[in-house]
Amino acid sequence: MEYVVAAVILLVVLIVGAVGLVVPKMRRRDLPPPPTAGSTTTLERPPTAPEAPVEEELPPLIERPEPAAPVVVEEPPAPVVEEKPALERPEPSAGRLVRLRARLARSQSAFGRGLLSVLSRDHLEEEDWEEIEESLITADVGIEATQVIVERLRERVRILGTKTVAEVRAQLVEELVAALEPDMDRSLKTAPHDGRPAVVLVVGVNGAGKTTTCGKIGRVLIGDGGTVLFGAADTFRAAAADQIQTWGERVGAETVRGPEGGDPASVAFDAVKRGIDTNVDTVLIDTAGRLQNKVGLMDELGKVKRVVEKHGPVDETLLVLDATTGQNGLEQARVFTEVVDVTGVVLTKLDGTAKGGIVIAVQRKLGIPVKLVGLGEGPDDMAPFEPAAFVEALVGGDA
Ligand SMILES: Nc1nc2c(ncn2[C@@H]2O[C@H](COP(=O)(O)OP(=O)(O)OP(=O)(O)O)[C@@H](O)[C@H]2O)c(=O)[nH]1
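The protein chain has the name Signal recognition particle receptor FtsY in an unreviewed UniProt entry, where Actinoplanes italicus is given as its organism. Annotation of the protein chain in UniProt includes, under Sequence similarities (unreviewed entry), the sentence "Belongs to the GTP-binding SRP family. FtsY subfamily." Taken from UniProt, the Catalytic activity (unreviewed entry) comment for the protein chain reads in full: "GTP + H2O = GDP + phosphate + H(+)".

Draft legend 1. Expanded view of the site of the ligand. Not every one of the 21 residues close to the ligand is listed here, only the nearest: Gly209, Lys210, Thr211, Thr212 and Gly374. Looking at which element gives the most residues to the shell around the ligand, the answer is helix H7 (residues 210-223), with three residues.

Draft legend 2. Highlighting the packing of helix H11 (residues 326-339) against helix H12 (residues 358-366). At their nearest, the axes of H11 and H12 sit 10 Å apart, and the two run at 30 degrees to each other. The pairing of H11 with H12 is recorded here as roughly parallel in orientation. Where H11 crosses over H12, the handedness of that crossing is right-handed. Two secondary-structure elements touch here, H11 through Gly326, Leu330, Ala333 and Thr337 and H12 through Ile358, Ala361, Val362, Lys365 and Leu366. Classifying every residue of the contact of H11 with H12 by side-chain character gives six nonpolar, two polar and one charged.

Draft legend 3. Inspection of the sheet that holds strand S7 (residues 370-374) at higher detail. As summarised here, the arrangement of the eight strands in space is S3-S2-S4-S1-S5-S6-S7-S8, forming an open sheet in which the pairing is mixed. In this open sheet, the two edge strands, each paired with only one partner strand, are strand S3 (254-257) and strand S8 (382-384). Each adjacent strand pair in this sheet contributes to an overall mean axis angle of 20 degrees, direction not counted.

Draft legend 4. Geometry of the domain arrangement of the protein chain. The domain architecture assigned to the protein chain consists of domain 1 (96-179) and domain 2 (198-392). Taken together, the contacts link 22 residues of domain 1 with 26 residues of domain 2. If you list the elements that add at least two residues to the side of domain 1 that touches domain 2, you get helix H2 (96-107), helix H3 (109-119), helix H5 (143-160) and helix H6 (165-179). At eight residues, H2 tops the list of elements feeding residues into the side of domain 1 that touches domain 2.

Conventions used here
- Residues numbered from 1 in each chain as written.
- Predicted model: local features only at pLDDT ≥ 70, side-chain atom pairs only at ≥ 80, totals over all residues.
- UniProt positions renumbered as here; feature names shortened; annotations may be inferred.
- Near = placed C-beta within 6 Å.
- Helix = DSSP H or I, 4+ residues; strand = E, 2+ residues; numbered from the N terminus.
- Axes fitted to C-alpha atoms, helices over the stretch in contact; angles between N-to-C directions.
- Parallel < 35°, antiparallel > 145°, perpendicular 65-115°, else oblique.
- Left-handed = near helix turned anticlockwise from the far one by under 90°.
- Contact = placed C-beta atoms within 7 Å.
- Nonpolar A, V, L, I, M, F, W, Y, C, P; charged D, E, K, R; others polar.
- Pairing = 2+ DSSP bridges.
- Domains from an automatic or database assignment.

Structural data, given as structure tokens:
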């Protein structure tokens, strides 16, 4: 019995021993080897393509059966450099009216031809003088001014006994020039003074050409060697600020603008402040010109002027008038002269009307000098107004 018990115990011990030997071995086969101190962990690599056979290194100049295909080295893409358009160099203002004279003469040719054909008659009779009068009135010279001009001319012809067409033409030119009061001061106050820039306000009704005029004046000043800054105080028409900024970018001038529908006076104030800080010669401020509501316009323009004058007085207030609106334009002009102290008139679109005589009427009615004339949509199609050159182009023909 004792032998049986001993044999069972021995059997159990053998079985346990055998199991103890086999199981750890199996486990060891499943697990990766435990890291040992100081060993590095090798990251598993994804399976790679079979390695290309390593090409034997050849001695230099060894001949190969096939020339190697030329290696095309792809150029890295060139860095994208934002191209800035080259700044334009506007032409200086001197002699511009002479350059643009042909344009003026073209639009006024009917007027000039009509006048000269009357003047070429042998004896100027009553009806001839009436015809001359009619021509001048049709050209928008205005009734009052026409009567004065014709009366003086008749007198001269009578006293001097003028005979030839050339002589009468010369006398007519003299009378028209005199009607334009050539001694009026037409200089633009655009030079900096007292350590601050000159400030120019540009006013007028919508569509008269204010924004374009602002841009053109800026170019004239830059062409003459000055520096300018634009103030886009026409916050009423969204595109106006973009328009003036584009004019500025073409000649390297900064534009100060505000939010659409914002306070024009605040934009004008900021523009002058910026002009002082950046030390420019002239700040040009484009304004909005709603005429539908005179009180609103008065308030707005008056406020712009008052606020700007916190920096110092406004040097020049230019009223832009569209020559093609003729005598109607004069009524609009009067409203502006009541609101702000207009120091000069810019008559635009003279290239598109046969009524160039409006220059005489404007000056006479408003008592304000025409300082600049617009003669086209091109950026440099504006000229300082010169009475003699203007009248020559108006009358046309040979002097
Ligand atoms: N032919 C001709 N067109 C001109 C002249 N001056 C301005 N214009 C044109 O007139 C149009 C109106 O000009 P703007 O400068 O936008 O007029 P604005 O007075 O600023 O108008 P708002 O911003 O609406 O108040 C534009 O198409 C200009 O190109 C000119 O002397 N001759």
